[in-house]
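So the chains spell out like this:
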Amino acid sequence: MDILLERKSVRKYTDEDVKKEDLDYILLAAMSAPTARNTRCYSFIVVKDKETHQKIAAVHRAAQMILQAPLAILVVGDQNIAYKKYLPQDCAAATQNILLAAAAKGYGSVWCGVYSDEERSEAIEKLFNLPENIRAFSLVVVGKSADNNLPKNGWQPEKIKYEAWK
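Below is a summary of the structure that appears in this document. It should be emphasised that the depicted structure is a prediction, and the values quoted were computed from it without experimental measurement. (Residues numbered from 1 in each chain as written. Predicted model: local features only at pLDDT ≥ 70, side-chain atom pairs only at ≥ 80, totals over all residues. Heavy atoms only, no water.)

### A look at the pattern of salt bridges
Tallied over the full model, the rule gives four salt bridges. The partner of Arg 120 in a salt bridge is Asp 117, and the shortest N-O contact between them spans 4.0 Å. Among the residues examined, Asp 117 registers a relative accessible area of 31% and is labelled partly exposed. (Salt bridge = Lys/Arg side-chain N within 4 Å of Asp/Glu carboxyl O. Buried < 20%, exposed > 50% of the residue type's maximum accessible area, 1.4 Å probe, protein only.)

Right, dumping it as structure tokens:
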């Protein structure tokens, strides 16, 4: 529970690399996410190349922090194996696991949305030369945090309803 409450979105990074064993741990967490009918329709592209980071920043205005970070993970889903239309939920679960695992290993991260923004999706899919059945879902930037922001308190009891919307 602590990691859920301590995780925060990080938009400033040091130039310290992500250790290979930590990256493997983060990817294992991603691959352990649940999927509808256990299709495991997600895959992951680890992006460390600084030129590629610049290309991403050029087509994804909300991902400018990638220019400081050592890496990002592009979460993609295969429409051909996803159960019905559950690809977004499956990839969202994997994305959340990346965020939590990164925090557990002492890294900061931020979820940069791709899916459902058609222009952004097309640009990212073209940049990574994805086949037609592979859809870009999210980009998670990962690295050591260079900011001192505190996690936000998410507790909002007014958001809780019981039995029906009343």
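Next comes the rest of the account.
### Considerations on the environment of Asn 80
Considering the arrangement of structural elements, one finds Asn 80 in the loop between strand 2 (71-78) and helix 4 (87-104). Along the primary structure Asn 80 and Asp 22 are separated by 58 residues, whereas in three dimensions their C-alpha atoms are 30 Å apart. (Helix = DSSP H or I, 4+ residues; strand = E, 2+ residues; numbered from the N terminus.)

### Some thoughts on the pairing of strand 2
The element strand 2 is extensively covered by neighbouring structure, given that eight of its eight residues are classed as buried. Burial along strand 2 is two-sided: Leu 71, Ile 73, Val 75 and Gly 77 and Ala 72, Leu 74, Val 76 and Asp 78, pointing in opposite directions, are all buried. In the sheet, strand 1 (residues 42-47) pairs with strand 2 via six bridges, with the strands oriented antiparallel. Residue pairing for strand 2: Ser 43 is matched across the bridge by Val 76. Taken together, the eight bridges between strand 2 and strand 4 (residues 134-143) define a ladder with antiparallel strand orientation. Following the sheet pairing, Val 75 is matched in strand 4 by Ser 138. (Pairing = 2+ DSSP bridges.)

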